[in-house]
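Now for the letters of each chain:
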Amino acid sequence: MIDHRAGVPAPPGPSDTPQSVVALVDASSPVERELIGGWLAEGGVTAELGIDTPVTQLDLDPEAVAARLVGRRDDPLVLPIRVLWLPAERDGVRRITFTDLATLSNPRSPHRLLQRRLVAKAPDRHLVLTGQPARLSELRANNPAVAGSAEPFARAIVRAGIVALERAERAVIGDRYKVPRLVAEEILDSPEFLRRLDAIAEHMSLRPSEVYRRAERALRELVAAQSRLVSDLFTQAMRPVHASAWQVEADTSGLAALRRLNQRYPLVFLPSHRSYVDAFVLGDALARNDFPPNHVIGGANLRFWPMGPIARRTGTVFIRRSFGDDEVYKAVVEEYFAYLLAKRFNLEWYFEGGRTRTGKLRPPRYGLLNYLAAAIRSRRVEDVMLVPVSITYERLNELGAIATEQAGGVKKPENLPWLARYIRNQQHSAGHVYVRFGTPLSARERLGAHGDPLQPDPGPAEPLPAQVHDQERKAVQQLAFEVAVGINAVTPITVNALVTLILLGVDERALTLGEVRMALRPVRGYIGNRGLPGGELEALDDDNGLAVVLEQLSAAKVVTVYRGGLEPVYSIETGAHLEAAFYRNSAVHWFVNRAILELSVLAAVEAPEGQQLEAGWEAAYRLRDLLKFEFFFPERAEFAAEMTAEMLLAVPDWRTRTADGTVGADILATLADSGFIMAHRVLRSFFDAQLVVAERLAAHDGGPLDRKQFIDECLAVGHQMLLQQRLHSPESVSSELFSSALKLADNHGLLTPDGTDLPTRRRAFADELRIISARISRAAALDPSNRTDGP
């Protein structure tokens, strides 16, 4: 039999040696009782703790503890004990496999007949486990609110015993199997939570029993019932889904530091969301590095059978998408979040609120971050470390459906047939998927830095002052912004992102392999000069590697290849511009400042002499404002520094050449001679979409808008404008881009009258976007790939 001492304190000295020991036995079968009884009879306590005192055995059960322990006037040492069953060792790892199911028993919880067989034939498959012991007086001191009441105190002792045994188990089987126990029971026994429910009942004029009943029902619905068996089997079942499609490359260099942080703080992983398999890819990467399983916050759309029941047993928490003013449900969610974080269980959610439809990071949703902030403000949690995570795919097999939804198609509901089709579609190779971890952020520190007063919420009867509420809201928004910047900072530029970036910027012609290579060369130089992260970009260094990338994009029906002439020529597949833009947009944030610089120089050249430099800066700031719902820009001063660095990279003697405030055509020529222009490649689709929205707003009267109907109208008119060649590419006709443009219009006060001339302002907005569109067309004409003499 194996023994184990993890977590056991040093033996007591002579002065504090306990007079007796109470062994709290967690046993579910006669075999387990025999094993524990034999261990005790053989002097197990003496060997484990170095003391020789009488031992009393009690079941780890609230009734037994209430009857025979909580009323004792002496101070026994309380020692939880159970038998730990282990799966068979395979290749040095003890993990359940589907082969184990042939025994019709869970190897971590074998049935009684199998237990006897294992004791006789496989003694390495079990051990007697002891948790951290504690004096009865310590347990009373740790639970002052219930120490005077037998049943609640007994339940607290049982929970403490189970937690101590769980910790001892993890020392043997690894942190990967850290799972919470008795969560609902502990929360419902919390005096603070019960007081909050009483306050809600009084505020809503409801009977306390009705509020308790609703809270218990919501809690049972919410709590993830994790299972080590299901976790092992589900990981093995789902791993082939992504392993057959992608070669996963996880940057594990920072995981050791994260693990050290996790010893003190809970971690909240906040990944980018591009695919349904994101959680499997990230979960697998963390499992391979012995991280405990995350509690993944999921949407109700994935609760269908069998995914829903399985997902709940692997740590998925399904939260209602909308619960409005339901104070009871809100209190339960906040309490559950605070409980998980206080117990250092790691969380994971996709803070964009859903998969990106365009390929770039979407604006964040703040709801779950608000609950996290509430846990910190309540002082239930010392701090939480937020981990930005970038998950980037070279190719996605589900991209066709995403493009259809962007173009106005109806999203297919998630159900069992959908799941079968999805798994079947993942059987095609799709290159690499890159998992990158950003710099962790201290939630408490960053909230405080952004002006959050970090005061506890007084409750529904005493609402916070409006000023404090506004400070909290802005601090959470700034925190979300920092997470998004952290994700973008570690997102690599993939080969497909770079190739589609080049091809999408070419006007109505195909490129030879040599022309693609020549267009890529200066961009590769730019990436190298800035030290931007890349994924396997060396594959583009020779013609063979570049041809392979283009052929793979052709197989994915993103690029079309014509082979009937002297040599193959490549262009974006007809009807595949949205798919191509998805790949490009995963890295487009790295080139936004360069694109803004080009348009600002064009605006400066158009300005009167002597005002050009000022006009250029004004244009840059205005473009930043117009794109603020698409990209994550820093504050004005930092943005100015970034733009200055961008200009110095492109035109090193820029300060000298503009000393008199003049921005001449020679600077524009220098940008063009760099070998590439980015404005049309990076920004055209966003401004074209804004132009459609602006023109439709100008055509409307000043009455209220039905947003869904308006987006549908923009899709229809956008298709017409595309056919009329007033829009450059189908990627501009996107419900996602139209929605962001409508947010921008709302932010500029163009949706509802505010006492000024709304039609005039709407027309001015559309006129401004037409001017920007004309500048983008001029920038496109300057690009070497679009010149008549070719690159």
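The name an unreviewed UniProt entry gives the protein chain is Glycerol-3-phosphate 1-O-acyltransferase, with Nocardia albiluteola as the organism. Turning to the protein chain, the UniProt record has this under Subcellular location (unreviewed entry): "Endomembrane system". Under Sequence similarities (unreviewed entry), UniProt gives the following word-for-word description of the protein chain: "Belongs to the GPAT/DAPAT family."

Asks: I keep staring at the overall build of the protein chain and nothing clicks. Help me out?
Replies: Of regular secondary structure, the protein chain possesses 33 helices and 20 strands. Out of the 791 residues in the protein chain, the part that is buried amounts to 53%. Pairs at least 24 apart in sequence give 78% of the contacts found in the protein chain among residues at least 6 apart. With an accessible surface of roughly 34000 Å², the protein chain has 52% of that area assigned to carbon and sulfur atoms.

Asks: Looking at this structure, how should I read the sheet that holds strand β20 (residues 569–572)?
Replies: Within a sheet, each strand pairs with its neighbour through backbone hydrogen bonds, oriented either parallel or antiparallel. On the basis of which strands lie adjacent, the open sheet formed by three strands has the order β17-β20-β19 and antiparallel pairing. Two strands bound the open sheet, and with one partner strand each, they are β17 (511–512) and β19 (559–562). Bridge count for β19 against β20 is four bridges, and the pairing is antiparallel. Bridge pairing in β20 places Thr560 opposite Ser571. Across the sheet, helix α20 (residues 495–504) touches β17, β19 and β20, and the angle it forms with β20 is around 90°.

Asks: Please explain the pairing of strand β6 (residues 126–130) as it appears in this structure.
Replies: Strand residues, when the strand is regular, have side chains that alternate between the two faces of the sheet. With respect to burial, β6 is a largely interior element, five of its five residues being buried. Residues of β6 alternate between two faces, with His126, Val128 and Thr130 on one and Leu127 and Leu129 on the opposite face, all of them buried. When strand β3 (residues 77–85) meets β6, the two strands line up antiparallel, connected through five bridges. When the sheet's bridge partners are listed, Leu84 is paired in β6 with Leu127.

Asks: Got a minute to help me understand the packing of helix α31 (residues 707–723) against helix α32 (residues 735–747) in this structure?
Replies: Between two packed helices, both the angle of their axes relative to each other and the distance between the axes serve to describe the pair. Closest axis-to-axis distance for the α31/α32 pair is 10 Å, and the angle between their directions is 120°. In this view, α31 runs oblique relative to α32, as classed from their interaxial angle. At the point where α31 passes α32, the crossing takes the right-handed sense. In this structure, α31 contributes Arg707, Phe710, Ile711, Cys714 and Leu715 to the contact, and α32 contributes Ser735, Phe738, Ser739, Leu742 and Asp746. Of the residues in the contact of α31 with α32, the class split is six nonpolar, two polar and two charged.

Asks: When you look at the confidence of the model for the protein chain in this model, what are you seeing that I'm missing?
Replies: Interpreting fine coordinate detail is not advised for predicted regions of low pLDDT. Chain-level pLDDT for the protein chain is 85 on average; 85% of the residues reach the 70-or-more range. Long-range and interchain partners of residues 1–14, a stretch whose pLDDT sits below 50, account for 34 contacts in this model, where long-range means more than four residues apart.

Asks: What is the right way to look at the pairing of strand β10 (residues 295–298) in this model?
Replies: Of the two faces of β10, the one carrying His295 and Ile297 and the one carrying Val296 and Gly298 are both buried. Note: β10 against strand β11 (residues 316–318), three bridges, orientation parallel. What sits directly across from Gly298, in β11, is Phe318.

Asks: Which parts of the structure should I look at to understand the pattern of salt bridges?
Replies: Pairing is possible between side chains that carry opposite charge, provided their charged atoms lie close to one another. Scanning all chains against the criterion turns up 48 salt bridges. A salt bridge links Arg72 to Asp74; its shortest N-O distance comes to 2.6 Å. Classification of Asp74 as partly exposed rests on a relative accessible area of 34%. Across the salt bridge formed by Glu166 and Arg82, the nearest N and O atoms sit 3.6 Å from each other. Taken together, the residues span a long stretch of sequence, with Glu166 in helix α6 (residues 150–173) and Arg82 in strand β3 at a distance of 84 residues. The pair Glu166 / Arg82 is uniform in exposure class, with both members buried. Salt bridges sharing partners connect three or more residues here, namely Arg155, Arg159, Glu186, Asp189 and Lys343.

Asks: What is the right way to look at helix α11 (residues 255–262) in this model?
Replies: In an α-helix, one turn spans 3.6 residues; hence positions three or four apart end up facing the same way. For α11, the complete set of buried residues consists of Leu255, Leu258 and Asn262. End-on view of α11: buried residues confined to an arc of 55°, all on one side of the axis. Contacts made by the buried residues of α11 are with β9 (267–271), α12 (278–288), β13 (385–393) and β14 (432–437).

Asks: Whenever I open this one, the side chain of Ser600 confuses me. Can you help?
Replies: Turning to its location among the elements, Ser600 is positioned in helix α24 (residues 592–606). At a separation of 2.8 Å, a polar atom in the side chain of Ser600 contacts the main-chain carbonyl oxygen of Ile596.

Asks: What is the right way to look at helix α22 (residues 543–555) in this model?
Replies: The end-to-end C-alpha distance of α22, which contains 13 residues, comes to 18 Å, matching closely the 18 Å that a straight helix rising 1.5 Å per residue would cover. If you check which residues of α22 are buried, you get Gly545, Leu546, Ala547, Val549, Leu550 and Leu553. Where α22 is buried, its residues contact α20, α21 (513–530), β19, β20 and α23 (577–585). Among the residues of α22, the N-terminal cap falls to Asp542, whose side-chain oxygen and the backbone nitrogen of Asn544 are separated by 3.0 Å. A positive phi of about 60° marks Lys557, the residue just after α22.

Asks: Explain the packing of α24 against helix α25 (residues 612–626) to me, please; I cannot follow it from the model alone.
Replies: Put simply, α24 and α25 touch, their axes get as near as 8 Å, and they point 140° apart. In terms of their interaxial angle, α24 and α25 are classed as oblique. The two elements α24 and α25 meet at a crossing, and its hand is right-handed. Two secondary-structure elements touch here, α24 through Ile596, Leu599, Ser600, Ala603, Ala604 and Val605 and α25 through Gln612, Ala615, Gly616, Ala619, Ala620 and Leu623. Looking at the contact of α24 with α25 residue by residue, the classes come out as nine nonpolar, three polar and no charged.

Asks: It is not clear to me how the packing of aromatic side chains should be interpreted in this structure. Could you clarify?
Replies: Describing an aromatic ring pair means giving the distance of the ring centres and the angle of the ring planes. The tally for this structure, following the rule as stated, stands at 13 aromatic pairs. Aromatic pair Tyr621 and Phe639: ring centres 6.1 Å apart, planes at 50°, arrangement tilted. Highlighted residues: Tyr621 in helix α25 and Phe639 in helix α26 (residues 636–650), separated in sequence by 18 residues. As far as burial versus exposure is concerned, Tyr621 and Phe639 are alike and both buried. Members of the aromatic cluster, connected to one another through ring pairs, are Trp617, Tyr621, Phe631, Phe633, Phe639 and Phe686. The side chain of Arg594 reaches across the aromatic face of Phe676, ending 4.3 Å from its centre.

Asks: What exactly am I supposed to notice about the environment of Arg167 here?
Replies: Relative to the elements of secondary structure, Arg167 occurs in helix α6. According to the relative accessible area criterion, Arg167 is exposed, its value standing at 56%.

Asks: Help me understand the side chain of Glu186 in this model?
Replies: Its place among the elements puts Glu186 in helix α7 (residues 183–188). Here the side chain of Glu186 touches Lys343 through a polar contact of 3.2 Å, side chain to side chain. Beyond its immediate stretch of four places on either side in the chain, Glu186 contacts Arg159, Tyr339 and Lys343.

Asks: How should unusual backbone geometry be read in this particular structure?
Replies: Working note: non-glycine residues mostly have negative phi, and peptide bonds are mostly trans. With a phi angle near 65°, Arg379 is a residue other than glycine that sits in the positive phi range. Its place among the elements puts Arg379 in the loop between α15 (367–377) and β13. A positive phi angle is found at Glu508, which is not glycine, with a value near 50°. With respect to the helices and strands, the residue Glu508 is situated in the loop between α20 and β17. The exposure class assigned to Glu508 is exposed, which follows from its relative accessible area of 75%.

What counts, and at which threshold
Residues numbered from 1 in each chain as written. Predicted model: local features only at pLDDT ≥ 70, side-chain atom pairs only at ≥ 80, totals over all residues. Heavy atoms only, no water. UniProt positions renumbered as here; feature names shortened; annotations may be inferred. Helix = DSSP H or I, 4+ residues; strand = E, 2+ residues; numbered from the N terminus. Buried < 20%, exposed > 50% of the residue type's maximum accessible area, 1.4 Å probe, protein only. Contact = heavy atoms within 4.5 Å. Areas by Shrake-Rupley, 256 points an atom, 1.4 Å probe, with all protein chains shown as cover. Pairing = 2+ DSSP bridges. Axes fitted to C-alpha atoms, helices over the stretch in contact; angles between N-to-C directions. Parallel < 35°, antiparallel > 145°, perpendicular 65-115°, else oblique. Left-handed = near helix turned anticlockwise from the far one by under 90°. Nonpolar A, V, L, I, M, F, W, Y, C, P; charged D, E, K, R; others polar. pLDDT = per-residue confidence, 0-100. Salt bridge = Lys/Arg side-chain N within 4 Å of Asp/Glu carboxyl O. Arc of directions from axis to C-beta. Polar contact = N/O pair within 3.5 Å; in protein donor to acceptor, adjacent residues only side chain to side chain. Expected span 1.5 Å × (residues − 1). Phe/Tyr/Trp six-rings, centres within 6.5 Å; stacked < 30°, edge-to-face > 60°. Lys NZ or Arg CZ within 6 Å of the ring centre and 35° of its normal.

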